[in-house]
Amino acid sequence: MKDLIKNAKYPNKLLKGIDDITLKEVKEFSNGEKLYALCLRLENICNYNCIYCGTYENRCKDNIMPIKEYLRIINEAANLGAKTVVLGGNGEPTMTVGLLEILELINNKKMTAVMFTNMSIFGNDDLCIQIHGIDGKALLQKIDNLNVSLIISCESIREEKYNQIVGSKSYQYFIKGIERLKKTNFVKYQEYQNKQLCRLALSSVIMPINYEDRYELLGFIHSLNGLLIAKVPSLHGAAKENIDMMYDVETAKKIKEELKHLSDKQATLQIFNLACIAWTMCICVNYNGNFMTCMTQENNPHKDYSNISDVNLSELLKKKRELLNITGAICPVKEKWYGKNDKKN
């Protein structure tokens, strides 16, 4: 562990809620005595049908946990010293009824919410009013005031290509949401440990259809004082069904090497130059309460327990893998498809 921490270093751009932590704290959280982050899936419906989505297979099949159960789990995580709550979903997290109640509790507990989103609800006022009772501009402002960090899914800022990738004519809502975003504190420049600290990240899956857009995506998110996470897809879910639209494995390996130098992070929830926090310092819970290995892999890593209703989070802490025991891959899910060339620097 000492050698691992010794080699750890901050990247040039940090994501608030993931990287704003000292090396000493990384060691403390990774030894299993405290919980660094709680990863929760929220809504399992989505207004998109992305050609690469790895989590769509069980969409709309079950109801999500009651909001009061989410609040209970978040309170428990806060009592265990958690700094961050990552909010994802089988679908689009911002379509969760009761989302603001969840975000308010996270903020009140002095934790940071890091939320995945496709941004469209912030530009689609009719949908936002239907779900949250306020328009997209008001919802975005409330989320901004709650100090949330956003991981924005986007593979192109060109309208025709964007709509083709997401399977919906939603570009108009996405771009309206982005224009509203530019008027918030999300784009304000700040620093941590003499590095830029971002509240925005752009998660971009690189495929043949959008390979030529990669530098445009980089410039786009940097103009918003955010960071880029450019990556090849995991070949499951929709990517497997649309395999003819993906790179073959050998080509993808070459693209992966190129993206290492382009991207500000190599994996969505990577901490520093180390591994994904979901595999190391987090507990991941699905929308139905079942435990998951990470936000995209639904197998249960806790053999003795299957659901959050069966056990307290504190009992699971010492079962978590330490950073020292990670396979050497930043993202073990990607390693499954592309082999062990995903080593940490």
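Everything here concerns the structure above.
What you are looking at is a predicted structure, and each value in this text was computed from that prediction instead of being measured.

Student: Honestly, the pattern of salt bridges in this entry has me stumped. Any pointers?
Tutor: Between side chains of opposite charge, a pair can form as their charged atoms come close. Going through the model one piece at a time under the given rule, you end up with 14 salt bridges. One salt bridge connects D125 with K176, and the closest N-O pair in it is separated by 3.8 Å. A residue pair is termed long-range when its members are at least 10 positions apart, and D125 in helix α5 (residues 125-132) and K176 in helix α8 (residues 171-181) qualify at 51 residues. In this structure K176 comes out as partly exposed when scored by relative accessible area, which is 36%. Within the structure, one salt-bridge network assembled from shared partners comprises E69, R72 and E76.

Student: Just to check I follow, could you spell out the side chain of T117 for this structure?
Tutor: Looking at the secondary structure, you find T117 in strand β4 (residues 112-117). Ignoring any residue separated from it by four or fewer positions in sequence, one finds T117 in contact with E92, T94, F122, L150, I151, I152 and S153.

Student: It is not clear to me how the pairing of strand β8 (residues 200-205) should be interpreted in this structure. Could you clarify?
Tutor: Among the six residues that make up β8, six are buried, leaving the element largely enclosed by the rest of the structure. Where burial is concerned, the two faces of β8 agree: the one with L200, L202 and S204 and the one with A201, S203 and V205 are both buried. Pairing geometry for strand β5 (residues 149-153) and β8, over four bridges, is parallel. In the sheet register, L150 faces β8, and the bridge partner there is L200. In this structure, β8 lies alongside strand β9 (residues 227-231), joined through five bridges in parallel fashion. Across the sheet, the residue bridging to L202 is L228, located in β9.

Parameters at a glance
- Residues numbered from 1 in each chain as written.
- Predicted model: local features only at pLDDT ≥ 70, side-chain atom pairs only at ≥ 80, totals over all residues.
- Heavy atoms only, no water.
- Salt bridge = Lys/Arg side-chain N within 4 Å of Asp/Glu carboxyl O.
- Helix = DSSP H or I, 4+ residues; strand = E, 2+ residues; numbered from the N terminus.
- Buried < 20%, exposed > 50% of the residue type's maximum accessible area, 1.4 Å probe, protein only.
- Contact = heavy atoms within 4.5 Å.
- Pairing = 2+ DSSP bridges.

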